[in-house]
Amino acid sequence: GRADREKNIANTVDTKFRFGSMQKMMTAIAVLQLVQEGKLRLDATFGTYLTDYPKADMASEVTIHHLLTHTGGTGDIFGAQFNANRLQLREIDDYLKLYGTRNLLFTPGTQNAYSNYGFMLLGAIIERVSGMRYDDYINAPILQPAGMTTTGTAPEDSIVPGRYAGYMRQNSESPWVSNASTLPYRGTPAGGGYFTAEDLARLAAAIREHRLLEAAHTELLIT
């Protein structure tokens with residue numbers, strides 16, 4: 001296929017694909033690295049770390065494990081609110097300000113419902129515990145040890161050489177059009193960054209070879 005239909009640029013092994021929710025894998029690795037270091041507990045509520053979260057009752061019920069396993073009832077980020085504020089949602093805190101007063105969808109641990117917002121909360125916790133921006137934290141203990149040199153979360157309005165142009169269509173009969181109007185401002189802990197196929201292979205190897213987590217926490221990660 002083509003990385004850019006208008007410019008007739010073909011996809012290659014060097015094409016930087018937007019990987020969507022696959023960023024959640026790196027967020028999960030980062031969380032378990034902090035668990036391994038004794039800085040986080042999986043059974044602790046997220047309010048233990050985000051002490052100023054506006055919905056104190058929610059923060060006192062949902063654990064880190066709930067967030068990682070999509071069982072916290074924390075809901076999604078996409079919909080009318082996201083569409084109306086997409087370009088203003090630039091930092092993790094912007095998402096928390098927009099969605100932080102919502103109620104839980106169900107009692108934590110009783111159901112499983114995919115939650116992008118849950119991983120935004122995990123990103124905020126990573127920032128709070130590490131004292132670093134999410135992007136910077138991911139770079140030092142994950143991207144560098146794995147040798148992932150083409151992975152990033154640069155904003156959509158920045159020039160990233162080799163980043164492909166995304167397309168979508170409403171149905172099989174409609175034309176392909178740019179999907180730029182649906183994308184987050186930049187990559188987030190829940191998704192939206194980019195990497196090459198080779199960098200994805202490097203990530204898999206680094207996990208398998210225990211270069212990112214020791215054996216017990218690697219097993220916990222993949223199960």
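Residues numbered from 1 in each chain as written. Predicted model: local features only at pLDDT ≥ 70, side-chain atom pairs only at ≥ 80, totals over all residues. Heavy atoms only, no water.

1. Description of helix 7 (residues 134-146)
To keep it simple, the criterion reads: Each helix is a run of H or I in the DSSP string that is no shorter than four residues. Each strand is a run of E no shorter than two, and both are numbered from the N terminus. To estimate the expected span of a helix, subtract one from its residue number and multiply by 1.5 Å. Bend at a given residue is defined as the angle between two axes, one fitted to the seven residues that end at that position and one fitted to the seven that begin there. When accessible area is computed with a 1.4 Å probe and restricted to protein chains, residues below 20% of their type maximum are described as buried, those above 50% as exposed, and intermediate ones as partly exposed. Residue contacts follow a heavy-atom distance rule, with two residues in contact if any of their heavy atoms lie within 4.5 Å.
Its 13 residues place the ends of helix 7 17 Å apart at the C-alpha level, agreeing with the 18 Å of an ideal helix rising 1.5 Å per residue. Maximum bend of helix 7: about 40°, positioned at Ala-140, with proline Pro-141 one to four residues after it. The set of residues buried in helix 7 consists of Tyr-134, Asp-135, Tyr-137, Ile-138, Ile-142, Leu-143 and Ala-146. Where helix 7 is buried, its residues meet helix 1 (23-36), helix 5 (92-99), helix 6 (116-130) and helix 8 (197-208). Phi turns positive, to about 75°, at Gly-147, one or two residues after helix 7.

2. A few points about the nonpolar core
Threshold: Nine residue types can take part in a nonpolar core, namely buried Ala, Val, Leu, Ile, Met, Phe, Trp, Tyr and Cys, and a core is a set of them joined through side-chain atoms within 4.5 Å.
Formed by 50 residues in total, the largest nonpolar core has its most connected members in Phe-46, Tyr-53, Tyr-117 and Ile-142. For Phe-46, the residues in contact, after removing those within four places along its chain, are Tyr-53, Met-58, Ala-59, Val-62, Thr-63, Ile-64, Leu-67, Leu-121 and Ile-125.

3. Details of the packing of aromatic side chains
Just so we agree on the cut-off: Two rings belonging to Phe, Tyr or Trp (six-membered ring only in the last case) form a pair when the distance between their centres is within 6.5 Å. Interplanar angles under 30 degrees mark stacking, angles over 60 mark edge-to-face geometry, and anything in between is tilted. Either the NZ atom of lysine or the CZ atom of arginine qualifies as a charge over a ring when it sits within 6 Å of the ring centre and within 35 degrees of the ring normal.
For the coordinates displayed, the defined rule picks out 5 aromatic pairs. Taking the centre distance of 5.0 Å and the plane angle of 90° together, the rings of Phe-46 and Tyr-53 count as edge-to-face. Given the relative accessible area of 0%, Phe-46 is considered buried. Judged by its relative accessible area of 6%, Tyr-53 falls in the buried class. Stacked on the ring of Tyr-117, the Lys or Arg Arg-102 has its end atom at 5.1 Å from the ring centre.

4. Describing helix 1
In this model helix 1 runs 20 Å from its N-terminal to its C-terminal C-alpha over 14 residues, within 8% of the 20 Å that 1.5 Å per residue would give. The element helix 1 is extensively covered by neighbouring structure, given that 12 of its 14 residues are classed as buried. Residues of helix 1 that are buried include every one of Gln-23, Lys-24, Met-26, Thr-27, Ala-28, Ile-29, Ala-30, Val-31, Leu-32, Gln-33, Leu-34 and Val-35, and no others.

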